[in-house]
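One-letter residues, chain by chain:
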Amino acid sequence: MNARMEFYIRTIMGHIYDSEYGDIVYSWDVVNEYLHANDNPNWIKIYGDINTSPDYVKLAFKIADDVLKQYGIRNQVSLIFNDFNTYIDTHKYVAIMNFINSEGKICDGFGMQAHLDTAYPSTSLFKNTVNAFLNTGLEVQITELDVTINFNGNNGHTETTQADYYYQLFKELLSIKKNGGKITVKLKKDSSKVLFEVTDTGCGIFQETGARIFDKFYQGDTSHSGEGNGLGLALVKKVIDII
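If you're wondering where the values come from, they're calculated on a predicted model, not measured in any experiment. For every chain, the first residue of the written sequence is number 1, and numbering continues from 1 onward in sequence order. For a predicted model such as this one, the threshold for reporting local features is a pLDDT of at least 70, and the threshold for listing and counting side-chain atom pairs is 80 or more; totals across whole chains, interfaces and linings nevertheless cover every residue. Where side-chain values are given, they derive from all heavy atoms of the structure, hydrogens and water being excluded.

Enquirer: Give a description of the overall build of the protein chain that names residues and reports values.
Expert: Helical segments are the DSSP runs of H or I of at least four residues, strand segments are the runs of E of at least two, and each set is numbered from the N terminus. Regarding its fold elements, the protein chain presents eight helices and seven strands. By residue count, 35% of the 243 residues in the protein chain fall in the buried class. For the protein chain, contacts bridging at least 24 residues in sequence account for 71% of all contacts bridging at least 6. Here the protein chain has roughly 15000 Å² of accessible surface; of this, 51% comes from carbon and sulfur atoms. When a residue's accessible area, from a 1.4 Å probe over protein chains only, is under 20% of the maximum for its type it is buried; when over 50% it is exposed; and in between it is partly exposed. Note on contacts: a residue pair qualifies if any of its non-hydrogen atoms lie within 4.5 Å across the two residues. Here the Shrake-Rupley method, with its probe set to 1.4 Å, supplies the accessible areas, and only the displayed protein chains count as covering residues.

Enquirer: Outline the pattern of salt bridges, supporting the account with residue identities and numerical values.
Expert: Within this document, salt bridges are pairs made up of a side-chain nitrogen of Lys or Arg and a carboxyl oxygen of Asp or Glu, the two lying within 4 Å of each other. Under the definition given, this model contains nine salt bridges. A salt bridge links K58 to E103, with the nearest nitrogen and oxygen atoms 2.6 Å apart. A residue pair is termed long-range when its members are at least 10 positions apart, and K58 in helix α3 (residues 55-70) and E103 in the loop between α4 (90-100) and β3 (109-117) qualify at 45 residues. What emerges from the salt-bridge pattern is a single network uniting D65, K69, R74, K105 and D108.

Enquirer: Kindly report on the pairing of β3, identifying the contributing residues and their values.
Expert: Note on strand geometry: in a regular strand, side chains alternate between the two faces of the sheet. Burial runs high along β3: eight of the nine residues are buried. We treat two strands as partners when DSSP finds at least two bridges between them. Note: strand β2 (residues 78-84) against β3, five bridges, orientation parallel. When the bridges of β3 are listed, N82 appears paired with G111. In this fold, β2 hands off to α4, which returns the chain to β3; that crossover is right-handed. Relative to strand β4 (residues 139-148), β3 runs parallel, the two sharing nine bridges. Following the sheet pairing, G109 is matched in β4 by E139. Throughout, right-handed denotes a crossover for which the path from the first strand over the helix to the second runs clockwise when the strands point away from the viewer. Crossover handedness for the path β3 to helix α5 (residues 123-134) to β4: right-handed.

Enquirer: Requested: an account of the nonpolar core, with residues and values cited.
Expert: As a rule of thumb, soluble globular proteins bury nonpolar side chains together. Within the largest apolar cluster, 44 residues are counted, with the highest numbers of intra-cluster contacts made by F61, F81 and F126. A total of eight residues in this core trace back to one element, the largest contributor, which is α3. Setting aside residues no more than four positions away along its own chain, F81 makes contact with V31, Y34, V57, F61, Y93, I96, M97, I100, C107, G109, F110 and G111. Think of a nonpolar core as a cluster: buried Ala, Val, Leu, Ile, Met, Phe, Trp, Tyr and Cys residues, connected wherever their side-chain atoms sit within 4.5 Å.

Enquirer: So what about unusual backbone geometry? Which residues, and what values?
Expert: Following Y120, the chain continues to P121 via a peptide bond in cis, the omega torsion being -5°. Structurally, P121 is set in the loop between β3 and α5. One non-glycine residue with positive phi stands out, namely E33, at about 55°. Looking at where E33 falls in the secondary structure, it is placed in the loop between β1 (27-32) and α2 (44-47). On the basis of relative accessible area, E33 is assigned to the partly exposed category, the value being 29%.

Enquirer: Pulling in residues and values, what's your account of α3?
Expert: A helix is expected to span 1.5 Å for every residue after the first. Helix length check: α3, at 16 residues, gives a terminal C-alpha distance of 23 Å against a target of 22 Å (1.5 Å per residue), a fit within 8%. What α3 keeps buried is the set Y56, V57, K58, A60, F61, I63, A64, D65, V67 and L68. Once α3 ends, the next one or two residues include G72, with phi positive near 70°.

Enquirer: Break down helix α6 (residues 159-178) for me, citing the residues and quoting the values.
Expert: A rise of 1.5 Å per residue sets the reference length of α6, with its 20 residues, at 28 Å; its end C-alpha atoms lie 28 Å apart and thus fit the reference within 8%. Where α6 is concerned, the buried positions are Y165, L169, F170, E172, L173, L174 and I176. Of the residues one or two after α6, G180 is the one with positive phi, at around 100°.

Enquirer: So, the side chain of T143: which residues are in play, and what are the values?
Expert: Inspection of the secondary structure puts T143 in strand β4. Overall, the relative accessible area of 15% leaves T143 in the buried class. Here the side chain of T143 touches N82 through a polar contact of 2.9 Å, side chain to side chain. N or O atoms within 3.5 Å of each other form a polar contact, as long as, within protein, one can give a hydrogen and the other can take it, and as long as residues adjacent in sequence are counted only when both atoms are side-chain atoms.

Enquirer: I'd love a proper account of the packing of aromatic side chains, names of residues and values included.
Expert: Planes of paired rings set the category: under 30 degrees apart is stacked, over 60 is edge-to-face and the rest tilted, where pairs are Phe, Tyr or Trp rings (Trp by its six-membered ring) whose centres lie within 6.5 Å. Per the counting criterion, the structure on display carries eight aromatic pairs. The interplanar angle of 75° and the centroid separation of 6.1 Å between the aromatic rings of Y34 and Y56 together place this pair among those described as edge-to-face. Within this pair, whereas Y34 is found in the loop between β1 and α2, its partner Y56 is found in helix α3, the two being separated by 22 residues in sequence. The residues Y34 and Y56 share a single accessibility class, namely buried.

Enquirer: Requested: an account of the packing of helix α1 (residues 2-17) against α3, with residues and values cited.
Expert: Comment: axis = line fitted to C-alpha atoms, over the contacting stretch for helices; angle = value between 0 and 180 degrees taken between N-to-C directions. Taken N-terminus to C-terminus, the directions of α1 and α3 make an angle of 30°; their axes are 10 Å apart at the nearest point. The angle between α1 and α3 falls in the class roughly parallel. By crossing handedness, the relation of α1 to α3 is classed as right-handed. Two secondary-structure elements touch here, α1 through N2, M5, E6, I9, R10, M13 and Y17 and α3 through Y56, L59, A60, I63, A64, D66, V67, L68 and Q70. Among the residues making up the contact of α1 with α3, the classes are represented as eleven nonpolar, two polar and three charged. Angle categories are assigned with fixed cut-offs, so that under 35 degrees is roughly parallel, over 145 is roughly antiparallel, 65 to 115 is roughly perpendicular, and the rest are oblique. Take the far helix as your reference; a near helix turned counterclockwise from it by less than a right angle gives a left-handed crossing, and one turned clockwise gives a right-handed crossing. Each residue gets one label: Ala, Val, Leu, Ile, Met, Phe, Trp, Tyr, Cys and Pro are nonpolar, Asp, Glu, Lys and Arg are charged, and the others, such as Gly, are polar.

These values are about where atoms sit, not about what they do.
Given below as structure tokens:
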């Protein structure tokens, strides 16, 4: 099985770096959803129960690390351990990372799949988790981010509650970055700027409509006015302005 894993990692990474798109990839999620895998995954029958010192997880990073070194880009690309619900078992993630890097740094950081709800976790708990990861000296990437409302039943939360949660969450993350923490949000970077780019395959909009897309309650296409209130992009811009 280890040989199959090595063949897979080397083939996928090699295919990318031998193509014209190699310089686009700045990060790899080498191991994904290990600690919170679905119940009784088949690979447990081969490698044994989930624990904080998995040899094959460490081997996966060793292989990926070697590939980057072969292409001479080790210092340009991050290798990440990615999972969800990281705020529940934070100490276990730190223990796994310490094990992976016990013989030298081959994993660069934590990937946090942030599937959150306005009821749980609190933004302060999320912040504490980020800080715990950063205290290991590694980077943190928020690889996914969404916030639901009333996920575990109707608790009276509204879209306003959701917007406030997003505001507080970004406020907490910004306070970390201002203190020197390295957090990467998967957006497009250009020189010293971070670019928020939104594209689709729709019919497009008129130039005069585009000039007003961040105005509160403005809807360029009134045929869909019953499906929203024109606040979506205004809220997005507010969050970005905070950053």
